[in-house]
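Structural characterization, general
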Amino acid sequence: MSRTPAPVNPVSMATVAARAGVSIATVSRVLNHQEGVTSKTKAKVNLAVEELGYRVNQLANSLRTARSWLLLIMVPDLTNPFYIEIVRGIDRVARQHGYFMLLCDTGADPGRERSAFELLRTHRADGAICLDPDSIQQGLSQEINALPWVACCEFDPAMPVPYVGIDNQGAAAEAIRYLLSRGHSRIALIGADPAYLYARQREAGVRQALAEAGLTLAEEWNIRVTSLSFLAGAEAAQQLLDCPQRPTAVFAVADALAIGLMHSLQEAGLRIPDDIAIMGFDDIAMSAQLNPPLTTMAQPMDELGAEAARLLLQRLNAPDTPLTGRLLPHRLVSRGSA
């Protein structure tokens, strides 16, 4: 005997309204990011949506609004665990509002990004979230500023585009002050391609904190890598091992670099943190599982993605409403490596 298939969305908007203690019209306004709803009411509705697993009926909405219900997410490197956590945050908010994600691994290539933005011009995607370098965004600014997109992590505050990120310079300076407080004065930096805004800002933070202590960043201890990978961290370790005088502490601008660095230094016989202290940036899940666990500057990765998605939805639903950028808080996580 055949079974009747379960409904695609067994939770109705009326059920959400009942759980939140509001009207169906209010639920609709919240889900469509319309004005006239207090922040307290929005929070109640969003909580009910999350608890009940409510999903917007995309087919009905597509017929009514002519939207594609696709959000384009442009990521420079999908192998980086940091970006994956951000994408999860985007997806969580997108699904609540009936959207699917279309992931594009651009490889930080302007040509790929230009092709991706073509999906917006042709209305095959409703909006985009871009994590590519701010230099690429600036290069394409004349072509893309009129399109519905927001910048996440990488952004140019001078561009008329909503953005979400963190205070990279302040976070890096705090990391160096932490290492200084642990008695280190010979501190190395494993940095990234200066085409990225975060790389420039974090190096500036390192130099700022060292200058405050009357120190400078030695040229042989300022190592820049071309990718944020475990392998790149391992290769940076070899450069440090070859230095005539080794640093007593290393700050890496990404946890993936710090992890590759740690493994190679340990294989070379160095004890962490006794012989050399290691500090990362991001707080990816693997960081807490190392031996010793990695001290790092934590970014709110999931919330960065979620906030970027909220900004984009606001821009789609109220295109004439000015939106400003937002910086989320970072957090020092002290563990055994430094």
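Residues numbered from 1 in each chain as written. Predicted model: local features only at pLDDT ≥ 70, side-chain atom pairs only at ≥ 80, totals over all residues. Heavy atoms only, no water.

1. Focus on the confidence of the model for the chain
Let me state the cut-off plainly: Per-residue confidence from the predictor is reported as pLDDT, which spans 0 to 100. Whether two residues touch is decided by their heavy atoms; if any such pair falls within 4.5 Å, the residues are in contact.
With 92% of its residues at a pLDDT of 70 or more, the chain has an overall mean of 88. In the predicted structure, residues 1-8 sits below a pLDDT of 50 and forms 0 contacts with residues beyond four places in sequence or in another chain.

2. A closer look at the nonpolar core
Generally speaking, soluble globular proteins have nonpolar side chains that are buried together. Using the following cut-off: Within this scheme, the nonpolar core is defined by two criteria: the residues are buried Ala, Val, Leu, Ile, Met, Phe, Trp, Tyr or Cys, and they are joined through side-chain atoms within 4.5 Å. Between buried and exposed lies partly exposed: a residue is buried under 20% and exposed over 50% of the maximum accessible area for its type, with that area taken using a 1.4 Å probe on protein chains only. Strands here are runs of E lasting at least two residues and helices are runs of H or I lasting at least four, both read from the DSSP assignment and numbered beginning at the N terminus.
Counting residues in each nonpolar core, the largest one holds 83 residues, and the members touching the most others are Ile 129, Ile 190, Phe 251 and Ile 278. Per-element accounting of this core gives the leading share, 9 residues, to helix 13 (residues 301-317). Beyond its immediate chain neighbours, meaning those up to four positions away, Ile 129 contacts Leu 72, Ile 73, Met 74, Ile 90, Val 150, Cys 152, Ala 308, Ala 309 and Leu 312. Counting residues in hydrophobic clusters, the runner-up holds 20 residues, among them Leu 72, Trp 149, Phe 155 and Tyr 163.

3. Quick notes on the side chain of Thr 26
Considering the arrangement of structural elements, one finds Thr 26 in helix 2 (residues 24-31). Judged by its relative accessible area of 10%, Thr 26 falls in the buried class.

4. Comments concerning the pattern of salt bridges
As a reminder of what qualifies: Throughout this description, the term salt bridge denotes a Lys or Arg side-chain nitrogen within 4 Å of a carboxyl oxygen of Asp or Glu.
All told, the structure shown has 14 salt bridges when counted by the stated rule. For the salt bridge of Glu 307 with Arg 326, the shortest nitrogen-to-oxygen distance reads 3.1 Å. Here Glu 307, found in helix 13, pairs with Arg 326, found in strand 11 (residues 326-328); they are 19 residues apart in sequence, far enough to count as distant. Judged by its relative accessible area of 38%, Arg 326 is partly exposed.

5. Some thoughts on the packing of aromatic side chains
For any pair of aromatic rings, the description consists of the separation of the ring centres together with the inter-plane angle of the planes. Selection criterion: Working definition: a ring pair exists when centres of Phe, Tyr or Trp rings (six-membered ring for Trp) sit within 6.5 Å. Plane angles under 30 degrees give stacked, over 60 give edge-to-face, the rest tilted. Note on criteria: charge over ring means Lys NZ or Arg CZ within 6 Å of the ring centre, with the direction from the centre no more than 35 degrees off the ring normal.
Evaluation of the coordinates by the stated rule reveals 6 aromatic pairs. Seen in terms of ring centroids, Tyr 196 and Tyr 198 are 5.4 Å apart; in terms of plane orientation they differ by 50°. Their pairing is tilted. Accessibility assignment for this pair places Tyr 196 and Tyr 198 in one class, buried. On the numbers, 6.2 Å between centres and 55° between planes, the contact of Phe 251 with Phe 281 is tilted. Of the two residues, Phe 251 is situated in strand 8 (residues 249-252) and Phe 281 in strand 9 (residues 277-282); the sequence distance between them amounts to 30 residues. Considered together, Phe 251 and Phe 281 belong to a single accessibility category, that of buried residues. Taking NZ or CZ as reference, Arg 202 lies 3.7 Å from the ring centre of Phe 281, over its face.

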